[in-house]
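Read off the chains here:
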Amino acid sequence: MSAEILVREFTVLTIFPQMFPGPLGFGVVGRAFADERLVLDVRDLRAWADPPHRQVDDETFGGGAGMVLKPEPLFRAVEAIRAETPPRSLHVVLLDPGGRRFDQAAARELAGYERLVLICGRYEGVDERVRRRLVDEELSIGDYVLCGGELAAMVVVEATARLAPGVVGRAESVAEESFEASLLDHPHYTRPAEFAGLEVPEVLRSGHHEQIESWRRQAALDRTRRQRPDLLARAVTEDDARKGENR
Ligand code: ADE
């Protein structure tokens, strides 16, 4: 079904290393980093900038508002990291609002590399030579503009890290959740059996596993149809494509 999960190390290049680990220090992902099952390696881009001022940005050629991240510190940083890492296990990502939309399928793809290098853009962006020569791909976490790539990198790290074996408790729970089958997750209930005038559906309390499975499948479809019909269209297309392959 899905490709092998190899991810072990996330290297983040940023001019604001103090922003990390931030939210990545909490929960199951925080524990995986604390136990060194995964590595979060945050590097200050200024370390590769020229002394004495260690300037990482400069004015844009042709004029205009805003500064651009200079190419040299980024090239030096990535070259140093590449030299430490076997080539096929490394993937270099630039976080940028113009990149390919990051989603669960992209998280699965990224999890297939042992080491990810995440470059956090700032200001008006990065020098174009960085895109052309240094990065393997550009990713965006949505159609809005953040002040920099750091929050986006955190989103990408968390969504990818939690796919690594043993990070999320039960092996099934990642496979069952929203987006994994191009469907949203089914509703979940816990005690009490009645709350706010709403009862937990009888079938979920019946102990009848087949009926529970069938209820959950239907509820996931209904919820997806209501909230994300675009996903459903994709699920049907993927299903048709699979049938086509088997013919
Ligand atoms: N940097 C600024 N905005 C961003 C976005 N939406 N996604 C990724 N990186 C960004």
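Please read these numbers as outputs of a predicted model, since none were measured by experiment. (Residues numbered from 1 in each chain as written. Predicted model: local features only at pLDDT ≥ 70, side-chain atom pairs only at ≥ 80, totals over all residues. Heavy atoms only, no water.)

Re the domain arrangement of the chain
What counts here: Residue ranges for the domains originate in an automatic or database domain assignment.
Domain annotation of the chain identifies domain 1 (9-161) and domain 2 (177-245). A separation of 35 Å is found between the C-alpha centroids of domain 1 and domain 2.

Description of helix α1 (residues 27-34)
Put simply, the rule reads: Throughout, exposure labels follow a simple rule: accessible area from a 1.4 Å probe, protein chains only, divided by the maximum for the residue type, with under 20% read as buried, over 50% as exposed, and the rest as partly exposed. Labels follow the DSSP assignment, with helices taken as runs of H or I lasting at least four residues and strands as runs of E lasting at least two, numbered in each case from the N terminus. What the arc covers is the set of directions going from the helix axis to the C-beta atoms. It only takes one pair of heavy atoms within 4.5 Å for two residues to be counted as in contact.
Within the span of α1, buried status applies to Val29, Gly30, Ala32 and Phe33. Around the axis of α1, the buried residues are gathered within 160° of arc, so they sit on the same side. Tucked inside the fold, the buried residues of α1 contact β1 (9-14), β2 (39-44) and α5 (150-161).

Description of the site of the ligand
Which entries qualify depends on this criterion: Near, as used in this document, describes a residue that has one of its heavy atoms within 4 Å of the molecule or strand being considered. Within 3.5 Å is the distance limit for a polar contact, defined as a pair of N or O atoms, with the added protein rule that one can donate a hydrogen and the other accept it, and that residues adjacent in sequence qualify only through two side-chain atoms. Calculation of accessible area relied on Shrake-Rupley with a 1.4 Å probe; when residues are assessed, cover is drawn exclusively from the protein chains displayed. Put plainly, a pocket is an open set of points on a 1 Å grid over the protein atoms alone with protein on both sides within 12 Å along at least five of seven lines, a cavity is a set where a 1.4 Å probe fits but cannot get out, and a lining residue has an atom within 4 Å of a point. Each molecule is assigned to a cavity or pocket provided more than half of its atoms lie within 2 Å of the corresponding grid points.
In the vicinity of the ligand, the contacting residues are Leu95, Asp96, Pro97, Leu139, Ser140, Ile141, Gly142, Tyr144, Val145, Leu146, Gly148 and Ala152. Asp96 is positioned such that a nitrogen or oxygen atom in its backbone is 3.2 Å from a nitrogen atom of the ligand. Contact distances for the ligand include 2.8 Å between a nitrogen atom and a backbone N or O atom of Tyr144. Within the complex, 97% of the 260 Å² of free accessible area of the ligand lies under protein. Structurally, the ligand is housed in the second largest pocket.

Looking at a nonpolar patch on the surface
Selection rule: Every patch collects residues that have over 30% relative accessible area and no salt bridge, joining them within 9 Å if they carry like charges and within 5 Å if they are nonpolar side chains (Val, Leu, Ile, Met, Phe, Trp, Tyr). For this analysis, a salt bridge means a side-chain nitrogen from Lys or Arg found within 4 Å of a carboxyl oxygen belonging to Asp or Glu.
There is a patch of nonpolar side chains on the surface, built from Phe16, Met19, Tyr144, Leu146 and Leu151 and spanning about 420 Å² of accessible area. In this structure, Leu151 sits in helix α5. With a relative accessible area of 48%, Leu151 lands in the partly exposed category.

Digging into the pairing of β1
Formally: Two strands qualify as a pair provided that DSSP identifies no fewer than 2 bridges between them. Whether a crossover is right-handed comes down to one check: with the strands pointing away from the viewer, does the path from the first strand over the helix to the second run clockwise; if it does, it is right-handed.
Within β1, five of the six residues are buried, which leaves it mostly tucked inside the rest of the structure. Where β1 and β2 come together, six bridges link them in parallel fashion. Across the sheet, residue Thr11 finds its bridge partner in β2, namely Asp41. With α1 bridging β1 and the parallel β2, this β-α-β connection has right-handed handedness. Sheet topology places β1 next to strand β6 (residues 115-120); five bridges connect them, and they run parallel. Paired with Val12 across the bridge in β6 is Leu118.

Considerations on the pattern of salt bridges
Applying the stated criterion to the full structure yields 22 salt bridges. Across the salt bridge formed by Glu128 and Arg131, the nearest N and O atoms sit 3.1 Å from each other. A residue pair is termed a helical-turn pair when its members lie 3 or 4 positions apart in one helix, as Glu128 and Arg131 do in helix α4 (residues 128-134) at three residues. A relative accessible area of 43% places Glu128 in the partly exposed class.

Section: the sheet that holds β6
To keep it simple, the criterion reads: An axis is simply a line fitted to the C-alpha atoms; with a helix, the fit covers only the stretch in contact. Between two such axes, the angle follows the N-to-C directions and lies from 0 to 180 degrees.
One open sheet accounts for five strands, arranged β2-β1-β6-β5-β7; its pairing is parallel. Here the strands that pair on one side only, and so sit at the sheet edges, are β2 and β7 (137-140). Sheet twist, expressed as the average angle between the axes of neighbouring strands with direction ignored, equals 30°. Of the strands in this sheet, β1, β5 (90-101) and β6 are in contact with α5, which crosses β6 at around 160°.

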